[in-house]
Amino acid sequence: MNRLEAIQDRRSTRRFTPQPLTLEQLVAVHNVLRGIPALYDGHDMRAVVIEDGECVRSVMSGFVGSYGKPSAPHFVLVTAAEKPGWLENVGFAIEHAVLDMTAMGIATCWIGGQATREVFEVADPDIPADHTPVVVIAFGSAKTGGLLHLPRTGRKTLEEIAPDGVGDFGEALAAARLAPSAGNTQPTRFFAGSGLVDVYASFRTPLIYRARADHLQLMNQVDIGIALAHISIVEKACGREVLIAPGDAPERPELHYMTTVRHATQELA
Ligand SMILES: Cc1cc2nc3c(=O)[nH]c(=O)nc-3n(C[C@H](O)[C@H](O)[C@H](O)COP(=O)(O)O)c2cc1C
């Protein structure tokens, strides 16, 4: 399975078998994390594999969002230095790893609800002083016995997330639609022009997350990076290089402009 197929197959797994992955699989996860691309240059991010998941689970609260504590045998703890774009950068980079793990048959779940300093410091005492915990990736073997046995959580239609059409980015935006997001809130909105897509965030807090609205908004910025990873992967697979960088984009009611994806030839023209 390649990353394109993994975009279709990936599901969040919350029930894992207690058996650890093989040494070979764990080495492969370490290697994947060493090779992931960044969205923007100059960001300082750290993704540490915790092979002994029990030390993480023992300090996690029993309640993860609305889903309960993940039974995963292993975790990746992700921290980063705060600067503009840092959360999108984490989403973009780590989704590449999540998809590579999916392609290897490893089950995963993004977890924002447990990314506290308390959890991280127990498992990883070497967190740099200027880093903030961002997310946890739970991983292992799915209890259901295969990723495809899990139903896909619902998604907004392409018309809802790209209300003015998909332009030259039909396949890429169809893949962005499948991106995982915190609480499945799907905050990313797309406005396509000639050879480019302006990317906006819709920060809306469903009632069940009202008490944690600020945290959801941070996680939604990670979600934007994940959607950008899906776009970049599809465009590359189609032989098109994309440049992703903020530029001039119109203000839109109730939306926050985040960045623009351009075909590389578009910039040169
Ligand atoms: C940034 C981020 C944070 C998330 N945090 C949690 C969490 O704290 N607990 C949880 O069970 N799932 C969490 N999820 C998983 C989402 O609920 C899931 O991606 C969404 O419901 C869509 O389902 P799918 O991943 O199976 O497609 C998170 C996902 C993302 C991208």
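Residues numbered from 1 in each chain as written. Predicted model: local features only at pLDDT ≥ 70, side-chain atom pairs only at ≥ 80, totals over all residues. Heavy atoms only, no water.

A. Just the overall build of the chain, in detail. Summing up its helical and strand segments, the chain has nine helices and eight strands in all. Scaling as 2.2 N^0.38, a compact globule of 269 residues should have a C-alpha radius of gyration of about 18 Å, and the chain matches this with 18 Å. Expressed as lengths along the three principal axes of its C-alpha atoms, the size of the chain is roughly 50 × 40 × 35 Å. Going through the 269 residues of the chain one by one, you find that 51% of them count as buried. The long-range share in the chain, meaning contacts at least 24 apart out of those at least 6 apart in sequence, stands at 75%. Accessible area of the chain: about 12,300 Å², with a carbon and sulfur share of 51%. Once the 24 positive and 31 negative side-chain charges of the chain are each reduced to a mean point, those two points are 7 Å apart. (Helix = DSSP H or I, 4+ residues; strand = E, 2+ residues; numbered from the N terminus. Rg over C-alpha atoms; globule rule 2.2 N^0.38 Å. Buried < 20%, exposed > 50% of the residue type's maximum accessible area, 1.4 Å probe, protein only. Contact = heavy atoms within 4.5 Å. Areas by Shrake-Rupley, 256 points an atom, 1.4 Å probe, with all protein chains shown as cover. Lys, Arg positive; Asp, Glu negative; His and termini not counted. Charge placed at Lys NZ, Arg CZ, Asp CG, Glu CD.)

B. Expanded view of the sheet that holds strand β5 (residues 188–193). Strand order in the open sheet made by the four strands is β5-β6-β8-β7, with antiparallel pairing throughout. Of all the strands in the sheet, the pair left with one neighbour each is β5 and β7 (242–245). Each adjacent strand pair in this sheet contributes to an overall mean axis angle of 20°, direction not counted. Of the strand pairs in this sheet, β7 and strand β8 (residues 256–263) are connected by four bridges, and their pairing is antiparallel. Residue pairing in the sheet places L243 in a bridge with R262 of β8. (Pairing = 2+ DSSP bridges. Axes fitted to C-alpha atoms, helices over the stretch in contact; angles between N-to-C directions.)

C. The arrangement of the packing of helix α7 (residues 170–177) against helix α8 (residues 213–237) in detail. Two elements in contact, α7 and α8, have axes separated by 8 Å at closest approach and are oriented at 145°. The two elements α7 and α8 cross, and the hand of that crossing is right-handed. Each of E171, A172, L173, A175 and A176 in α7 lies in contact with α8, whose residues at this interface are A227, H230, I231, V234 and E235. A per-class count over the contact of α7 with α8 returns seven nonpolar, one polar and two charged. (Left-handed = near helix turned anticlockwise from the far one by under 90°. Nonpolar A, V, L, I, M, F, W, Y, C, P; charged D, E, K, R; others polar.)

D. Layout of the nonpolar core. I94, V134, F139 and F190 are the most contacted members of the largest nonpolar core, which has 57 residues in total. When residues of this core are assigned to domains, at least three fall in each of domain 1 (3–149) and domain 2 (158–268). If we skip the residues at most four places from it in the chain, F190 touches I161, A162, P163, L173, A176, V197, D198, V199, A227 and I231. By size, the runner-up hydrophobic cluster in this structure holds 19 residues, among which are V56, L77, A115 and A142. (Core = buried A, V, L, I, M, F, W, Y, C linked by side-chain atoms within 4.5 Å. Domains from an automatic or database assignment.)

E. The domain arrangement of the chain, seen in detail. Per the domain assignment, the segments of the chain are domain 1 (3–149) and domain 2 (158–268). Between the C-alpha centres of domain 1 and domain 2 the distance comes to 22 Å. Roughly 1,900 Å² is buried in total at the junction of domain 1 and domain 2, and carbon and sulfur atoms are behind 73% of that figure. The largest per-residue losses of area from domain 1 upon contact with domain 2 belong to I7, L87 and E88, which jointly make up 28% of the total buried on that side. Elements with a minimum of two residues in the side of domain 1 that touches domain 2: α1 (3–9), α4 (86–103) and β4 (131–140). Among the elements that take part in the side of domain 1 that touches domain 2, α4 stands out by supplying seven residues, more than any other. (Buried area = accessible area lost by both parts, 1.4 Å probe.)

F. Representation of the pairing of β4 within the structure. Among the ten residues in β4, nine count as buried, and that is most of the element. In this structure, strand β2 (residues 74–81) lies alongside β4, joined through eight bridges in antiparallel fashion. Its bridge partner lying in β4, L77 is registered against V136. Of the pairings in the sheet, the one linking strand β3 (residues 107–111) to β4 comprises five bridges and is antiparallel in character. Of the residues in β4, the one forming a bridge with I111 is V136.

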